[in-house]
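Chains, contacts and geometry: an overview
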Amino acid sequence: MSRHLEHLAGISLSKRRLPEEELEGLRLLAAATADHGTALRSLLAEYLDSVCRAWTDLPGSRQATEPQGLKEVASAVIRAIGDATVALTEGYETAHRAAIRGEEATRREFVGDLLEGRTDLGRLAERAERFGLRLVGPHRVAVARAGRAFEAGDDTTHYVEEALTTRFRTRDVLITTKDGLLVCVAPGAAPEVPDCFAATVGDAVDEQYRIAVSRPRPGPSGIVRSYQEARSTLDLAALLGLTTPLVHASDLLVFQVLGRDRAAITDLVATVLGGLEGARGGPKAFLDTLTAYFASGCLNTTTARRLGVSVRTVTYRLTRIRQLTGHDPTDPDQRYILQTAALGARLLNWPSRPLQPAE
């Protein structure tokens, strides 16, 4: 700082501006100060205090014999002090932004390792402590998808993170983004966190969205599996055309089981429900009736109300299903086969998409 005061002394005589190399030196000084953790206000306060102490000793001030001369000295020095203050602020903010970018890059790397299991689990647990997350015990993962991708630092992500970390302890929840999804990692012992996450996302976005919640699994490797399960549940919910904004993986387990052997479920749908293709108007109305019938607990009246048709129509369709498929939906022994085939049809998006028989 003493070198800078020498420059101010010279400016009080020459009335010139601070040279660029001096301003660059001040930027570097401010950057170093930022790296040491000193607040910007403290840096500026110290600078202005040193300038105030040196003001009366400036040679230009001592040599000025007239008010106009003193005014010119003051104008040149104040201009230099202003330029110096701007340079200090620029240097500090540049260093601060660089530190933030470095922290964000470190956090992105940690999140990638956490959700993809790309590193040693013991080391991962140590790094998690830095970001306020304890990996002991089981964890659930919730993922949100909306029309627009979620990005780190955007208003929506910040709003959700602020709301969740305010309500719950920071060490109990991690909000991050991954591949355009908003991700929430929470302890399995706190089942209310995913529901709060879903409600907060609903408040934050003004477009259609869907959230999937995994089952709880223990340890860092469990977080990887839970994240993968939540993502696959999102995709499955979209495939099934579900309209509910919140989907739990546990509610779609039967579809995941069926989907693991696509050839077998395709064969089952073709064998059990293929006869419906001979119905007038195609199989869709009969398949919708089966789905509503099973969802209503096999009650004709409730099925009719769900479909918006008469009970007589439901009875007729159930009879035609028995005639066309050879399986009676009212027979408890045959009901399971039909229900499984109906679930498989939803998974395969049949009859909208033709079945592709396995070789």
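Residues numbered from 1 in each chain as written. Predicted model: local features only at pLDDT ≥ 70, side-chain atom pairs only at ≥ 80, totals over all residues. Heavy atoms only, no water.

Examining the packing of helix α12 (residues 284–295) against helix α15 (residues 332–348)
- Look at α12 against α15: their axes get within 10 Å of each other, and the N-to-C directions meet at 120°. Viewed along their axes, α12 and α15 form a crossing whose handedness is left-handed. Mapping the contact onto sequence places Leu287, Leu290, Thr291 and Phe294 in α12 and Arg335, Leu338, Gln339, Ala342, Ala345 and Arg346 in α15. (Axes fitted to C-alpha atoms, helices over the stretch in contact; angles between N-to-C directions. Helix = DSSP H or I, 4+ residues; strand = E, 2+ residues; numbered from the N terminus. Left-handed = near helix turned anticlockwise from the far one by under 90°. Contact = heavy atoms within 4.5 Å.)

Focus: the packing of α12 against helix α14 (residues 311–325)
- In the contact formed by α12 and α14, the axes pass within 10 Å of each other and the chain directions differ by 110°. With respect to α14, the axis of α12 lies roughly perpendicular. Contacts between α12 and α14 involve Ala285, Phe286, Thr289, Leu290 and Tyr293 on the former and, on the latter, Arg317, Leu318, Arg320 and Ile321.
- Looking at the contact of α12 with α14 residue by residue, the class counts come to six nonpolar, one polar and two charged. (Parallel < 35°, antiparallel > 145°, perpendicular 65-115°, else oblique. Nonpolar A, V, L, I, M, F, W, Y, C, P; charged D, E, K, R; others polar.)

Brief notes about the pattern of salt bridges
- For the coordinates displayed, the defined rule picks out 12 salt bridges.
- Across the salt bridge formed by arginine 148 and glutamate 207, the nearest N and O atoms sit 3.3 Å from each other. Of this pair, arginine 148 sits in the loop between β1 (138–146) and α7 (155–167) while glutamate 207 sits in the loop between α8 (192–204) and β4 (209–213), and the two are 59 residues apart along the sequence.
- Given a relative accessible area of 56%, arginine 148 falls into the exposed group.
- Salt-bridge contacts for arginine 231 lead to aspartate 179; the nearest nitrogen and oxygen are separated by 2.9 Å. Of this pair, arginine 231 sits in helix α9 (residues 219–240) while aspartate 179 sits in the loop between β2 (174–178) and β3 (181–187), and the two are 52 residues apart along the sequence.
- Assessed through its relative accessible area of 59%, aspartate 179 is described here as exposed.
- Each member of the salt-bridge network shares a partner with another, and the members are Glu20, Glu24, Arg27 and Glu90. (Salt bridge = Lys/Arg side-chain N within 4 Å of Asp/Glu carboxyl O. Buried < 20%, exposed > 50% of the residue type's maximum accessible area, 1.4 Å probe, protein only.)

Note that every value here comes from positions in space, so none of it alone points to a role or purpose.
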